[in-house]
Amino acid sequence: MSIAENVAKVKANIAAAAREAGRDPGEITLVAATKVQTAETVREAIAAGVAICGENRVQEMAEKLSRYAYDGARLHFIGHLQTNKVRQVVGRVDMIESVGSEHLLDAVEIQAAKLDIVQDILLEVNIGGEASKSGVSQAALLPLARKAAALPHIRLRGLMAIPPAAGEPGENRHFFAEMRHLFVDIRTALDDNVSDIDCLSMGMSGDYEDAVREGATLVRVGTALFGPRPPMGQA
Ligand SMILES: *Cc1c(COP(=O)(O)O)cnc(C)c1O
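Because the structure is a prediction, the values reported are computed rather than measured.

This part covers the UniProt feature "domain: Alanine racemase N-terminal" (unreviewed entry) in the protein chain. The feature "domain: Alanine racemase N-terminal" (unreviewed entry), as given by UniProt, occupies residues 7–230 in the numbering adopted here. Helix makes up 38% of residues 7–230 and strand 18%, and the two end C-alpha atoms of the span are 21 Å apart.

Here's what the structure looks like:
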């Protein structure tokens with residue numbers, strides 16, 4: 001299938017899952033996870049109706065930016081971000097979805113202040129409590145969210161999660177439900193900022209429909225649009 005056909009199919013599946021859950025399909029936006037894809041492929045996806053691209057690697061993103069690959073779409077950073085690379089990301093992307101520590105939050109604030117901009121961010125939650133994964137623990141989330149909401153050069157837009165790799169279809173649905181509860185809790189606790197907090201980013205190729213059923217507003221899909229990637233590290 002072509003990329004255009006895949007984009008249409010994934011969007012149709014998102015809309016069907018939304019309707020099934022009594023949601024307006026217009027509340028959900030597809031983020032194309034474009035890691036390892038060429039600038040040419042990214043342009044093809046945007047021409048096919050992708051409105052947001054999500055990148056994981058700073059260097060790869062910089063190369064594609066220099067080739068204007070994302071023109072016509074918004075750009076989100078969705079990968080693990082080291083503080084020493086914050087300068088290459090803040091102000092260059094519409095949203096950093098993967099802020100998973102106070103240390104990184106502080107670094108983003110400092111860089112955004114230098115540029116005199118307000119950077120949109122999501123806080124990444126380690127919803128599976130996995131030692132190997134980045135992201136803030138559920139216990140640390142509310143204090144960090146309060147801090148983020150109070151920083152002058154940060155606009156907290158919501159939460160993001162990457163649950164454990166699922167073996168069986170449906171296995172991650174309870175994590176998505178937990179994320180929806182955390183999202184509602186944060187909105188309630190930070191009621192001054194509630195109109196800004198409108199993004200819940202969860203769901204990938206194997207489980208985005210379940211994520212939509214549980215309230216996702218952003219789903220990050222790679223393989224279902226572009227086909228399988230080479231194993232990590234060999235790209
Ligand atoms: C690669 C990636 C995705 C998409 O994964 P697929 O399984 O290929 O859809 C989503 N989110 C993040 C953070 C990713 O790195």
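Let's pick the thread back up.
Before going further, it helps to examine the packing of helix H4 (residues 102–115) against helix H5 (residues 138–150). Between H4 and H5, whose axes approach to 11 Å, the crossing angle comes to 5°. By the criterion of interaxial angle, the relationship of H4 to H5 is roughly parallel. On H5, the residues that touch Glu102, Leu105 and Asp106 of H4 are Leu144, Lys147 and Ala148. Of the residues assigned to the contact of H4 with H5, the class counts are 3 nonpolar, no polar and 3 charged.

All residues adjacent to the ligand are Ala33, Lys35, Asn56, Ile78, Ile162, Met204, Ser205, Arg220, Val221, Gly222, Thr223 and Arg229. The side chain of Asn56 places a nitrogen or oxygen atom 2.7 Å from an oxygen atom of the ligand. Alone, the ligand offers 380 Å² of accessible surface; in the complex the protein occludes 89% of this. Within the shell around the ligand, the residues separate by chemical class into 5 nonpolar, 4 polar and 3 charged.

Let us look at the pattern of salt bridges. One pass over the full model with this rule turns up 17 salt bridges. Of the charged contacts, one joins Lys64 and Glu60 as a salt bridge, the two residues approaching to 2.7 Å between their closest N and O atoms. Of this pair, Lys64 and Glu60 both sit in helix H3 (residues 58–66), separated by 4 residues, roughly a single helical turn. As far as burial versus exposure is concerned, Lys64 and Glu60 are alike and both buried. In this structure, the salt-bridge partner of Glu214 is Arg180, at a minimum N-O distance of 2.4 Å. Here Glu214, found in the loop between helix H7 (208–213) and strand S8 (218–221), pairs with Arg180, found in helix H6 (residues 173–189); they are 34 residues apart in sequence, far enough to count as distant. Taken together, the salt bridges that share partners define one network made up of Glu20, Arg173, Arg180, Asp210, Arg213 and Glu214.

Moving on: the side chain of Thr217. Structurally, Thr217 can be placed in the loop between H7 and S8. Accessibility expressed as a relative area gives 12% for Thr217, which makes it buried. Dropping the residues within four chain positions of it, Thr217 is found in contact with Arg23, Glu27, Ile28, Thr29, Asp198, Cys199 and Leu200.

Turning our attention to the UniProt feature "modified residue: N6-(pyridoxal phosphate)lysine" (unreviewed entry) in the protein chain. Per the UniProt entry, the sites bearing "modified residue: N6-(pyridoxal phosphate)lysine" (unreviewed entry) are Lys35 in this numbering. By the element assignment, Lys35 lies in the loop between strand S1 (29–33) and helix H2 (39–47). Of the residues examined, Lys35 reaches a relative accessible area of 13% and is grouped as buried. When neighbours within four sequence positions are excluded, Lys35 is seen to be in contact with Gly54, Glu55, Asn56, Glu60, Lys64 and Arg229.

This next bit is on the pairing of strand S6 (residues 154–161). Counted residue by residue, S6 has 7 buried out of 8 residues, so it is predominantly covered. The sheet contact formed by strand S5 (residues 119–125) and S6 spans 7 bridges and is parallel. Its bridge partner lying in S6, Leu122 is registered against Gly158. Traced from S5 through H5 to S6, the parallel crossover comes out right-handed. Direction of pairing for S6 relative to strand S7 (residues 199–201): parallel, over a ladder of 3 bridges. Across the sheet, Leu159 pairs through a bridge with Leu200, a residue of S7. Of the crossover connections in this fold, the one passing from S6 over H6 to the parallel S7 is right-handed.

Reading guide: rules and limits
- Residues numbered from 1 in each chain as written.
- Predicted model: local features only at pLDDT ≥ 70, side-chain atom pairs only at ≥ 80, totals over all residues.
- Heavy atoms only, no water.
- UniProt positions renumbered as here; feature names shortened; annotations may be inferred.
- Helix = DSSP H or I, 4+ residues; strand = E, 2+ residues; numbered from the N terminus.
- Axes fitted to C-alpha atoms, helices over the stretch in contact; angles between N-to-C directions.
- Parallel < 35°, antiparallel > 145°, perpendicular 65-115°, else oblique.
- Contact = heavy atoms within 4.5 Å.
- Nonpolar A, V, L, I, M, F, W, Y, C, P; charged D, E, K, R; others polar.
- Near = heavy atom within 4 Å.
- Polar contact = N/O pair within 3.5 Å; in protein donor to acceptor, adjacent residues only side chain to side chain.
- Areas by Shrake-Rupley, 256 points an atom, 1.4 Å probe, with all protein chains shown as cover.
- Salt bridge = Lys/Arg side-chain N within 4 Å of Asp/Glu carboxyl O.
- Buried < 20%, exposed > 50% of the residue type's maximum accessible area, 1.4 Å probe, protein only.
- Pairing = 2+ DSSP bridges.
- Right-handed = clockwise from strand over helix to strand, strands pointing away.

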